[in-house]
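# Observations on the three-dimensional arrangement
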Amino acid sequence: FSAATQPSTNWHLKENTRDHHTSKFSSKELIVRRGQAFVVTFNGIEQPEQNLTFIAETGPKPSKQAKTQATFGISSTVSKENWSAVLQSTSSNSASIAISSPANAVIGRYKLSVQSTSSGSSSPATLGTFVLLFNPWSSGDDVFMSNKAECEEYVLEEFGIIFSGNTHHINSFGWNFGQFQGDILNICLSMLDRSLNYRQDPATDVSHRNDPKYLGRVLSAMVNGNDDQGVVLGNWSGNYEGGKSPSSWTGSGEILQNWKKSGFKPVRYGQCWVFAAVLTTVLRCLGIPTRTITNFSSAHDADGNLRVDEFYDASGNHLERGADSVWNFHVWNESWFSRSDLGPSYSGWQILDATPQEESGGIYQCGPASRNAIKEGDVDLDYDCPFVFAEVNADCMYWNYDPATGKKTLIFSKSTTIGQFISTKAVGRDDRVDVTSDYKYEEGSRKERDIFKKARKKLGLEDKFDPTAPTPKEIEQKPDISGKFKVAGPLEVGKDLNLILVLANLQPDVKSVHVNMTAWSTVYTRRPVREIWKDSISVTLSPEEEKHFPVKISYAEYQQQLTTDNTIQITALCHVEGGIQVLVQRDITLDNPAIDIQVLGEAKVNKEVDVEVVFTNPINAEVMDCVLQVEGNDLLRGILEIDVPPLKAGEKSSTKFKLTPVETGSKHLLVNFSCDKFSDIKAFKTVKVID
């Protein structure tokens with residue numbers, strides 16, 4: 001080419017993005033997947049059959065050796081191992097060429113240039129840029145997923161459902177991942193360029209971007225704000241001043257946009273589901289099949305002994321002692337890719353966790369840990385398997401601790417409480433699927449205990465004397481009484497909390513028991529925040545007698561103390577005369593009142609339709625500072641915030657707004673309603689948009 005005839009490029013956006021499952025991106029730039037051909041037409045080429053050499057390069061220092069630069073001429077067939085160009089058709093001054101990348105190409109933004117070899121040493125002409133992503137539809141790709149419905153859900157679906165609550169009561173809420181919206185792809189790519197690895201050695205970092213294990217690990221660090229000025233700052237204090245409360249978000253888009261707008265300062269604030277949801281958005285955007293997983297009664301084993309220790313004082317207060325904890329629930333990610341480093345039996349779902357809990361390799365990152373390795377107790381395999389294994393398998397020890405003397409006494413231990421109802425959203429449906437059996441063998445079975453022993457052995461815990469562990473004698477003690485809290489009424493914010501403490505004498509002789517009870521508001525990690533109530537009773541139990549003691553905590557007592565998680569922990573520490581102490585506890589999640597969404601009429605493309613959101617104030621006091629937040633891809637642009645007037649006791653509010661859908665299909669509208677008495681009441685509505 002002469003300088004005068006700079007070739008113009010037709011990237012065939014419509015056809016290429018359709019073939020590459022990238023048509024949901026709203027980009028003027030071509031976005032394609034690796035290991036698959038895309039067609040480009042060049043105009044202004046005088047002799048298309050002349051010797052053309054193409055150059056595709058990415059990163060700050062492209063090199064052939066690092067596989068960040070490829071030069072390739074026109075060939076008659078596609079190469080599996082290398083980049084190639086095959087002539088499709090030519091006319092007098094244009095050529096259509098199918099360009100293919102290898103299935104293990106580095107992903108990211110590429111510059112494409114062409115050079116004519118016949119015209120001597122002219123410098124290459126730049127044709128433009130394109131973005132290359134992972135390809136779960138291609139059998140040669142590390143992220144290949146043979147089930148097409150799973151590809152649709154785990155790569156292309158922008159709506160998700162996240163499970164929360166506790167083992168007694170599983171809740172769920174919708175989330176807008178929005179991986180194809182606006183500028184999200186560019187933000188995801190800039191995230192890679194802001195990682196510690198990139199800052200230390202950009203060229204090497206980019207050369208590893210062909211590997212989903214590498215990217216998954218790097219991004220698990222970048223999604224939290226620790227170490228690297230990543231995306232979200234965690235806060236579990238119950239006080240979220242200076243930022244947005246973690247439970248108020250309804251999608252990842254606003255978080256990622258805010259991160260970019262602020263000049264890449266961590267967005268305040270997130271908790272586990274926020275980190276997991278943002279990581280889902282980023283990985284789906286880049287083409288790695290990913291889903292969120294919720295583990296109920298999730299252990300945070302800080303010292304790596306597969307044991308979680310909890311401490312209570314004589315009054316039954318849950319003490320913040322030691323770094324171990326058991327969360328009501330914890331949300332992490334699973335991503336689907338092969339593990340060439342471990343072998344085929346460890347391929348498939350891999351656990352990644354962006355919540356900053358423990359450092360790994362000196363920074364807050366976690367995974368990928370092979371789910372099969374967790375199930376089989378192969379905790380010596382990369383990466384972070386011991387931590388993840390403990391999250392679903394740790395044994396639980398409950399201690400009485402006397403702050404005055406520093407003496408601790410074991411109350412009881414349990415090996416079946418941790419890791420229950422492990423949940424994810426169904427493929428193509430809004431239902432919960434239980435995947436607990438993919439993480440461990442049946443609780444209490446011989447096989448499950450054998451795997452636990454195998455893991456302990458691999459971690460060197462079997463042979464080592466642990467001075468903090470309870471003695472066999474302590475573990476074998478049997479209590480004289482049993483106790484439990486039964487729920488006796490609705491568990492709803494705004495209503496009194498009614499429970500029954502049931503105590504039963506297991507012995508053939510009379511027992512005197514002194515019971516200290518406390519109730520605290522907590523965050524979902526069961527960290528106590530504020531005391532709500534305390535009481536104590538003395539009880540005499542006849543031989544084998546069962547007695548019921550009603551416990552009532554009024555709304556007035558807990559209303560001011562509640563956190564945005566609506567969680568309360570109630571504890572009864574029973575001091576049995578002449579016997580060991582018995583700890584009775586229950587974690588309660590209160591439901592918010594319902595909010596109702598109605599679409600008034602048919603939703604049609606490019607036609608306005610009214611939506612009504614109805615909320616009834618269920619308490620006999622006025623609620624104020626009411627705000628409704630609405631978002632939904634292809635239904636409205638950005639996030640709609642509507643101030644709702646105060647509502648008197650029992651009053652019903654109706655808020656109307658308009659949507660203009662821009663695309664047909666099943667769309668999701670997400671709403672979040674907050675006021676001074678209720679935080680973050682969430683709901684979603686599926687809207688069928690027709691032509």
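Residues numbered from 1 in each chain as written. Predicted model: local features only at pLDDT ≥ 70, side-chain atom pairs only at ≥ 80, totals over all residues. Heavy atoms only, no water.

Glancing now at the overall build of the protein. Counting secondary structure elements, the protein contains 14 helices and 38 strands. Its C-alpha radius of gyration of 29 Å places the protein within 12% of the 26 Å reference for a compact globule of 691 residues. Overall, the protein is about 105 × 65 × 40 Å in size when its C-alpha atoms are taken along their principal axes. At a minimum sequence separation of 6, the contacts of the protein that also span at least 24 residues come to 67%. Carbon and sulfur atoms form 48% of the exposed surface of the protein, whose accessible area is close to 28,300 Å². Taken together, the 71 basic and 86 acidic charged side chains of the protein have centroids lying 2 Å from each other. (Helix = DSSP H or I, 4+ residues; strand = E, 2+ residues; numbered from the N terminus. Rg over C-alpha atoms; globule rule 2.2 N^0.38 Å. Contact = heavy atoms within 4.5 Å. Areas by Shrake-Rupley, 256 points an atom, 1.4 Å probe, with all protein chains shown as cover. Lys, Arg positive; Asp, Glu negative; His and termini not counted. Charge placed at Lys NZ, Arg CZ, Asp CG, Glu CD.)

This part takes up helix α2 (residues 148-156). Within α2 the residues assigned to the buried category are C151, E153, Y154, V155 and L156. Contact partners of the buried residues in α2: β2 (30-33), β10 (159-166), α8 (272-286), β14 (290-300), β18 (348-352) and β22 (420-425). Residue N147 occupies the N-cap position of α2, its side-chain oxygen lying 2.9 Å from the main-chain nitrogen of A149. (Buried < 20%, exposed > 50% of the residue type's maximum accessible area, 1.4 Å probe, protein only. Polar contact = N/O pair within 3.5 Å; in protein donor to acceptor, adjacent residues only side chain to side chain.)

Glancing now at the UniProt feature "active site" (unreviewed entry) in the protein. Mapped onto this numbering, the UniProt entry gives "active site" (unreviewed entry) at C272, H330 and D353. For this annotated set, covering 82 residues, all C-alpha atoms fall within 9.9 Å of each other, a compact arrangement in space. C272 gets classed as buried once you look at its relative accessible area, which sits at 0%. Dropping the residues within four chain positions of it, C272 is found in contact with W236, W327, F329, H330, V331, T355 and Y524. (UniProt positions renumbered as here; feature names shortened; annotations may be inferred.)

With that settled, the discussion passes to the UniProt feature "binding site: Ca(2+)" (unreviewed entry) in the protein. When the UniProt feature table is mapped onto this chain, "binding site: Ca(2+)" (unreviewed entry) is found at N393, D395, E443 and E448. What stands out for the annotated residues spanning 56 residues is how close their C-alpha atoms remain, the widest pair being 12.5 Å apart. Within the secondary structure, E443 sits in the loop between α11 (436-439) and α12 (446-458). Here E443 falls in the partly exposed class, since its relative accessible area comes to 27%. Beyond its immediate stretch of four places on either side in the chain, E443 contacts S415, T416, I418, G419 and E448. A distance of 2.8 Å separates the side chain of E443 from the side chain of K440, its partner in a polar contact. Among the structural elements, E448 can be located in helix α12. Dropping the residues within four chain positions of it, E448 is found in contact with N393, Y441, E442 and E443. Among the polar contacts listed, one links the side chain of E448 to the side chain of R449, at a separation of 3.4 Å.

What follows is about the nonpolar core. By size, the foremost hydrophobic cluster in this structure holds 66 residues, and its most contacted members are W175, W273 and L286. If you tally residues by element for this core, the top one is α8, at 12 residues. Counting residues in hydrophobic clusters, the runner-up holds 60 residues, among them I481, C626, F657 and L659. (Core = buried A, V, L, I, M, F, W, Y, C linked by side-chain atoms within 4.5 Å.)

Once that is clear, we can look at α8. Over its 15 residues, α8 runs 21 Å from end to end, which matches the ideal 21 Å to within 8%, given 1.5 Å per residue. The element α8 is extensively covered by neighbouring structure, given that 15 of its 15 residues are classed as buried. Positive phi shows up at G287, right after α8, with a value of about 100°. (Expected span 1.5 Å × (residues − 1).)

On to the sheet that holds strand β9 (residues 125-133). Two strands in a sheet stick together by hydrogen bonds in their backbones, pointing the same way (parallel) or opposite ways (antiparallel). The mixed open sheet is built from nine strands, whose spatial order is β1-β3-β7-β6-β5-β4-β8-β9-β2. Whereas interior strands pair on both sides, the edge strands pair on one side only; in this sheet they are β1 (8-10) and β2. Geometrically, the sheet is characterised by an average inter-axis angle of 35° between neighbouring strands, direction not taken into account. With four bridges connecting them, β2 and β9 associate as parallel partners. Counterpart to I31 in the pairing with β9 is V131. (Pairing = 2+ DSSP bridges. Axes fitted to C-alpha atoms, helices over the stretch in contact; angles between N-to-C directions.)

Next up on the list: the pattern of salt bridges. According to the stated counting rule, one finds 39 salt bridges in the structure shown. A salt bridge links K458 to D378, with the shortest nitrogen-to-oxygen separation between them at 3.3 Å. Taken together, the residues K458 in helix α12 and D378 in the loop between α9 (371-376) and α10 (385-393) connect sequence positions 80 residues apart. Judged by its relative accessible area of 7%, D378 falls in the buried class. A salt bridge links D395 to R449; its shortest N-O distance comes to 3.6 Å. Placement of the pair is D395 in strand β20 (residues 395-402) and R449 in helix α12, with a sequence separation of 54 residues. (Salt bridge = Lys/Arg side-chain N within 4 Å of Asp/Glu carboxyl O.)

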